[in-house]
Amino acid sequence: GTNQGGVNHLSKSGDRIAIYDIPKDPDTGVASKDIKAIHIKGDKIYFGSHNSSLSCLDKHTGKIKLLNGIGKSTYEIREYGKDYLWLGTLTGLKLYDTKKGTETNTQLDGVVLALHYDETDGRLWVGYKDSTAVVKCEGLNMLREDIPDLKSLKGVRQFFKDDGGLLWIASDFGLFKGKMR
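Here is a short report on the structure shown in this document. (Residues numbered from 1 in each chain as written. Predicted model: local features only at pLDDT ≥ 70, side-chain atom pairs only at ≥ 80, totals over all residues. Heavy atoms only, no water.)

1. A word on unusual backbone geometry
Located in the positive-phi region is Asn51, a residue other than glycine, with phi close to 60°. One non-glycine residue, Ser73, adopts positive backbone phi at about 55°. Mapped onto the secondary structure, Ser73 falls in the loop between strand 6 (64-66) and strand 7 (74-80). Judged by its relative accessible area of 6%, Ser73 is buried. (Helix = DSSP H or I, 4+ residues; strand = E, 2+ residues; numbered from the N terminus. Buried < 20%, exposed > 50% of the residue type's maximum accessible area, 1.4 Å probe, protein only.)

2. Overview of the pattern of salt bridges
Counting across every chain of the model gives 7 salt bridges. Here Arg123 ties to Asp121 by a salt bridge, and the two come within 3.4 Å at their closest N and O atoms. When sorted by exposure, Arg123 lands in the same class as Asp121, which is buried. Salt-bridge contacts for Glu145 lead to Arg123; the nearest nitrogen and oxygen are separated by 3.1 Å. You can see Glu145 sitting in strand 14 (residues 141-145) and its partner Arg123 sitting in strand 12 (residues 123-128), a full 22 residues away along the chain. Residue Arg123 is classed as buried on the basis of its relative accessible area, which comes to 12%. Overlapping salt bridges, with partners in common, bring together Asp121, Arg123 and Glu145 in one network. (Salt bridge = Lys/Arg side-chain N within 4 Å of Asp/Glu carboxyl O.)

3. A word on the environment of Leu113
Mapping Leu113 onto the fold places it in strand 11 (residues 112-118). Judged by its relative accessible area of 10%, Leu113 is buried. Sequence-wise, Leu113 and Asp130 are 17 residues apart; in three dimensions their C-alpha atoms are separated by 9.9 Å. Dropping the residues within four chain positions of it, Leu113 is found in contact with Tyr75, Glu76, Gly127, Tyr128, Lys129, Gly155, Val156 and Arg157. (Contact = heavy atoms within 4.5 Å.)

Below is the structure:
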């Protein structure tokens, strides 16, 4: 993904680049050149972009479909179970059902910049522009956990869990690490 350059794909051999850009034909390109998130789920590749709906590339056909009204301004995409994707958008956290093609608003509003879902404990870590939250997920029910130290952690851009179980958090204000509890 690029900032104003669409989506570029380098072939496995490294000798060819395919560029997916704003198309004349809606089946061959992405809806916006300002790509913020990419997520691969099975034979589909999802693209989140600024100020546009989610796009989906079918790896078998090479066709891209704009998912009108789904995930507008998606900056982060994370898998949730077999059929769902968490979408971090500029207006809050959304849950996209990949089978039904529907989006559900959650009660978590705000500019979502980063997400990390831990299947082992069912927690979703949400990095906002102005804070960080942890949500316990049980099916489609969500309960926000109160962790005082995280409320002041702003501008989170990335979460990463290492092999030792430490959670690394990259923000506008530095790099942090801690044990997940």
